[in-house]
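Secondary and tertiary structure notes
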Amino acid sequence: MEIISTKKAPAAIGPYSQAIRVGNLVYTSGQIPIDPKTGVFVEGGIKEQTRQSLTNVKAILEEVGLNMGNVVKTTVFMADMNDFADMNEVYAEFFAEPYPARSAVAVKTLPKGALVEIEVVAEVV
């Protein structure tokens, strides 16, 4: 098992790692829309928050030489499923075919009041 960490994504603020590599898989922790340069949420709504969350995921993957094309599974947690179309529009900017498998679920609340949190599993090839 290898711990993955980068300063280009928000630091873990609890007893967890940004990501863990086990064998040929990398599991990221859920990324909320914190800008690692400022330590606060990006301004805007679901589109901006989705973009920042995925930018954080991308930075973690890049730390070990991977990119979004290595992602095989995503889980998107949303505070309001009515934001799905707008989230999906931005999400599509980060992935190309063959698209990863995905689950999208609405949850009651997310850390710090985020509108979205995204975690991925990526394959090291």
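What comes next is a walk through the structure. Throughout this document, residue positions are counted from 1 along each chain, in the order its sequence is written. Only residues with pLDDT of 70 or above have their local features reported here, since the model is predicted, and side-chain atom pairs are shown and tallied only from 80 upward, although totals for entire chains, interfaces and linings are computed over all residues. Side-chain metrics in this entry use all non-hydrogen atoms of the structure; hydrogen atoms and water are not considered.

**As for the nonpolar core**
Put simply, a nonpolar core is a bunch of buried Ala, Val, Leu, Ile, Met, Phe, Trp, Tyr and Cys residues held in one set by side-chain atoms that sit within 4.5 Å of each other. For every residue, the accessible area (1.4 Å probe, protein chains only) is compared with the maximum for its type, and the residue is labelled buried under 20%, exposed over 50%, or partly exposed between those bounds. Counting residues in hydrophobic clusters, the biggest one holds 25 residues, and the most contacted among them are V26, L54, L61, M68, V71, V76 and F95. Among the elements of the structure, α1 (46-63), β6 (71-78), α2 (84-94) and β8 (116-123) are those that each provide at least two residues to this core. The element best represented in this core is α1, accounting for 6 residues. Any two residues whose heavy atoms approach within 4.5 Å at even a single point are treated as in contact. If we ignore the near neighbours within four places in the chain, the residues touching V71 are L61, F95, P100, V120, V121 and A122. Numbering of helices and strands starts at the N terminus; helices are DSSP runs of H or I of at least 4 residues and strands are runs of E of at least 2.

**Topic: the pairing of strand β3 (residues 25-28)**
Burial of β3 is one-sided: the residues V26 and T28 facing one way are buried, the residues L25 and Y27 facing the other way are not. Here the rule is simple: two strands pair whenever DSSP picks up at least two bridges between them. Inspection of the sheet shows strand β2 (residues 19-22) paired to β3 by 4 bridges, in the antiparallel sense. Residue pairing in the sheet places A19 in a bridge with T28 of β3. If you look at the hairpin formed by β2 and β3, you'll find 2 residues sitting between the two strands, and G23 has a positive phi there, around 60°. Relative to β8, β3 runs antiparallel, the two being bridged by 3 bridges. From the neighbouring strand, L25 faces β8, where its bridge partner is E123.

**Examining α2**
Three or more residues of α2 are buried, namely M87, V90, Y91 and F94. An end-on view of α2 places all buried positions within 105° of arc, on one side of the element. Among the exposed residues of α2, those oriented more than 90 degrees off its buried face are A85 and E93. Where α2 is buried, its residues touch α1, β6 and β7 (101-106). In this description, one arc is meant: the one made by directions from the helix axis to the C-beta atoms.

**Section: the sheet that holds β6**
Reading across from one edge, β1-β2-β3-β8-β6-β7 is the order of the 6 strands in this open sheet, with mixed pairing throughout. What marks the edges here is a single partner per strand, and that holds for β1 (2-4) and β7. Shown here is a sheet whose adjacent strand axes are inclined to one another by a mean of 15°, direction ignored. Where β6 and β7 come together, 6 bridges link them in parallel fashion. Paired with M78 across the bridge in β7 is A106. Sheet contacts for α1: β1, β2, β3, β6 and β8; angle to β8, the most-contacted strand, approximately 30°. With axes taken as lines fitted to C-alpha atoms, and helix axes fitted only over the stretch in contact, angles between N-to-C directions fall between 0 and 180 degrees.

**Observations regarding the packing of α1 against α2**
Packed helix pairs are specified by the crossing angle of their axes together with the interaxial distance, meaning the distance between the axes. Where α1 contacts α2, the two axes come as close as 8 Å, and the packing angle between them is 35°. Here α1 runs over α2; the crossing is right-handed. Contact with α1, carried on its side by I46, K47, T50, R51, L54 and T55, involves D86, M87, E89, V90, Y91, E93 and F94 of α2 and no other residues of that element. Whether a crossing is left-handed or right-handed is set by the direction in which the near helix is turned from the far one by less than a right angle, anticlockwise for left-handed and clockwise for right-handed.

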